[in-house]
Amino acid sequence: MMTLRLIPGGSPLKLSTSPPSITLYRFPTASNLSYNRKFMIKMSIQSTPSAATNPINNIVLGCGMVALDFLVTVDSYPKPDDKIRSTSFLVQGGGNTGNALTCAARLGLTPRIISKVADDSQGKRILNELEADGIDTSFIVVSEGGHSTISYVIVDSQTKTRTSIYTPGYPPMVSDDLPESNLLSGLDSVRLVYTDGVLHETALVVAQEAHRRSIPIVIDAERKIEGLDEILHMATYVVCSTRFPQIWTEASSIPSALISILLKLPSAKFVIVTLGEDGCIMLERAETGNLQSEEVDIDDLFEKMKQSTVITSTMPTCKSSDVAKLHAKGIGTVSGRLLVGTAEKIPTSELVDTTGAGDAFVGAVLYSLCANLPPERMLTFAAQVAAIGCRALGARAGLPHLRDPRLQPFLA
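Residues numbered from 1 in each chain as written. Predicted model: local features only at pLDDT ≥ 70, side-chain atom pairs only at ≥ 80, totals over all residues. Heavy atoms only, no water.

- Per an unreviewed UniProt entry, the recorded name for the chain is Carbohydrate kinase PfkB domain-containing protein, and the organism is Nicotiana attenuata.
- Its UniProt record, at the heading Sequence similarities (unreviewed entry), says of the chain: "Belongs to the carbohydrate kinase PfkB family." (UniProt positions renumbered as here; feature names shortened; annotations may be inferred.)

### Some thoughts on the overall build of the chain
Phase 1 of the analysis: A tally of regular secondary structure across the chain gives ten helices and 20 strands.
Phase 2 of the analysis: Among the 412 residues that make up the chain, the fraction classed as buried is 50%.
Phase 3 of the analysis: Nonlocal contacts in the chain, meaning residues at least 24 apart in sequence, comprise 64% of its contacts between residues at least 6 apart.
Phase 4 of the analysis: With an accessible surface of roughly 19800 Å², the chain has 52% of that area assigned to carbon and sulfur atoms. (Helix = DSSP H or I, 4+ residues; strand = E, 2+ residues; numbered from the N terminus. Buried < 20%, exposed > 50% of the residue type's maximum accessible area, 1.4 Å probe, protein only. Contact = heavy atoms within 4.5 Å. Areas by Shrake-Rupley, 256 points an atom, 1.4 Å probe, with all protein chains shown as cover.)

### Quick look at the environment of Gly-145
Phase 1 of the analysis: Note on placement: Gly-145 falls in the loop between strand E9 (141-143) and strand E10 (150-156).
Phase 2 of the analysis: Look at Gly-145 and you get partly exposed, because its relative accessible area is 32%.
Phase 3 of the analysis: For the pair Gly-145 and Val-117, spaced 28 residues apart in sequence, the C-alpha to C-alpha distance is 9.8 Å.
Phase 4 of the analysis: Other than its neighbours up to four places away in sequence, Gly-145 contacts Ala-118, Asp-119 and Tyr-170.

### Digging into the sheet that holds strand E5 (residues 67-74)
Phase 1 of the analysis: One open sheet accounts for four strands, arranged E6-E5-E10-E11; its pairing is mixed. Edge positions in the open sheet fall to strand E6 (88-94) and strand E11 (161-167), since each of these has one partner strand only. Across the sheet, the mean angle from the axis of one strand to that of its neighbour is 20°, orientation sign disregarded.
Phase 2 of the analysis: Note: E5 against E6, seven bridges, orientation antiparallel. By the bridge assignment, Ala-67 is partnered in E6 with Gly-94. (Pairing = 2+ DSSP bridges. Axes fitted to C-alpha atoms, helices over the stretch in contact; angles between N-to-C directions.)

### Let's talk about helix H3 (residues 180-187)
Phase 1 of the analysis: Among all positions of H3, only Leu-183, Gly-186 and Leu-187 are buried. Taken down its axis, H3 places every buried residue within 90° of arc, on the same side.
Phase 2 of the analysis: Tucked into the core, H3 has its buried residues touching strand E4 (59-63), strand E7 (110-114), strand E12 (192-195) and helix H4 (200-212).
Phase 3 of the analysis: After H3 finishes, the residue Ser-189 shows a positive phi value of roughly 65°. (Arc of directions from axis to C-beta.)

### Quick notes on unusual backbone geometry
Phase 1 of the analysis: The peptide bond linking Tyr-170 to Pro-171 adopts the cis configuration, its omega dihedral lying at -5°.
Phase 2 of the analysis: Position of Pro-171 relative to the elements: it lies in the loop between E11 and H3.
Phase 3 of the analysis: Located in the positive-phi region is Lys-160, a residue other than glycine, with phi close to 60°.
Phase 4 of the analysis: Take Lys-160: it is sitting in the loop between E10 and E11.

### Section: the packing of helix H1 (residues 96-106) against helix H9 (residues 357-370)
Packed helices, taken two at a time, are described by the angle between their axes plus the distance between the axes.
Phase 1 of the analysis: Closest axis-to-axis distance for the H1/H9 pair is 7 Å, and the angle between their directions is 50°. In terms of orientation, H1 lies oblique with respect to H9. When the axes of H1 and H9 are compared, the crossing they make is right-handed. Taking contact as the criterion, the partners of Asn-96, Asn-99, Ala-100, Leu-101, Cys-103 and Ala-104 in H1 are, on H9, Asp-359, Ala-360, Val-362, Gly-363, Ala-364 and Leu-366. (Parallel < 35°, antiparallel > 145°, perpendicular 65-115°, else oblique. Left-handed = near helix turned anticlockwise from the far one by under 90°.)

### Focus on the environment of Glu-344
Phase 1 of the analysis: For Glu-344, the position within the fold is in the loop between strand E20 (332-341) and H9.
Phase 2 of the analysis: With 66 residues separating them in the primary sequence, Glu-344 and Asp-278 have C-alpha atoms 9.1 Å apart.
Phase 3 of the analysis: Dropping the residues within four chain positions of it, Glu-344 is found in contact with Thr-314, Met-315, Pro-316, Gln-384, Ala-387 and Arg-391.

Here it is, written out as structure tokens:
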């Protein structure tokens with residue numbers, strides 16, 4: 001539908017109310033100031049007021065793993081030497097970076113991706129799926145020969161768990177695969193850089209140039225891998241898997257580990273750890289000054305916040321502490337605030353597969369940062385996006401688009 005405005009002498013006449021609009025200007029003649037019959041037509045797009053609007057700068061560059069997933073569901077995980085029948089089968093694109101950027105694209109961002117595939121059938125399918133979601137794949141290296149990364153995923157319908165076995169692509173991506181011209185083009189006008197650290201040589205080169213240009217860097221720290229430490233020290237934002245904080249810091253608790261991470265990474269503004277069905281925890285760094293002089297033990301604070309969280313809804317919620325000097329015994333102190341988020345309580349009958357839930361969460365964090373959402377809203381929004389994705393088999397089939405009605409309460 002269109003909005004038609006007739007403007008005699010500059011006064012608009014509104015005839016209908018939907019974008020795009022046509023505005024007609026009719027001008028008086030110079031001789032008698034009477035209206036002539038010539039019109040100037042101006043076309044403009046008017047967006048219906050909505051919370052689901054795209055950020056002005058929505059270009060993000062991701063560097064990391066893309067794969068092809070072969071997924072099967074089974075009634076229960078097989079025992080050794082068992083031969084069982086699957087209940088469903090799906091072949092779908094995967095990989096942390098591929099999944100996170102697919103999620104970001106469906107939420108309205110414009111992703112570019114740096115990765116590597118082979119010129120095999122799996123590589124072609126990986127590229128086709130990414131391009132179908134609007135991701136710029138022109139920076140992906142396609143090797144002659146070798147094989148693309150593939151994963152075998154077994155989803156246990158009884159326990160609602162999944163087991164993944166992946167075979168890395170060959171030959172692996174190295175820094176020489178990324179010419180300087182492609183690096184500079186890929187970073188042009190970018191709002192955020194994201195990496196899962198898997199292609200550590202290339203990710204380091206990308207992160208170094210992004211850091212030099214003061215482009216914020218989001219790191220997905222799923223597990224300890226070669227080269228990740230050097231990349232982490234340039235991180236602006238860190239999102240961790242459940243196990244990573246304590247493994248990386250050797251702290252006795254997750255909250256204490258978050259303190260340790262921010263102390264080790266002085267450039268990081270926040271660190272988030274995802275906890276699956278238990279939600280997430282975020283430690284956000286704050287400017288020093290005007291803080292209460294007494295330190296607050298972060299483990300005690302976390303327990304109090306958990307106990308005071310009364311879950312009256314099945315939807316994601318978030319609770320924040322005041323800004324304080326948060327202390328971890330034997331580790332140190334960080335000025336900041338602790339945020340504790342809950343996850344959606346998905347009915348068992350609706351929960352299909354948790355594959356890629358963490359990647360969906362990261363994709364929603366990318367959107368939230370580009371849209372300047374406050375942390376409380378970012379955490380609930382990301383949790384909801386991840387929960388929606390768990391209602392379908394595979395990491396991508398259930399990923400929502402920005403105008404999905406289930407997301408609107410978190411963007412209002």
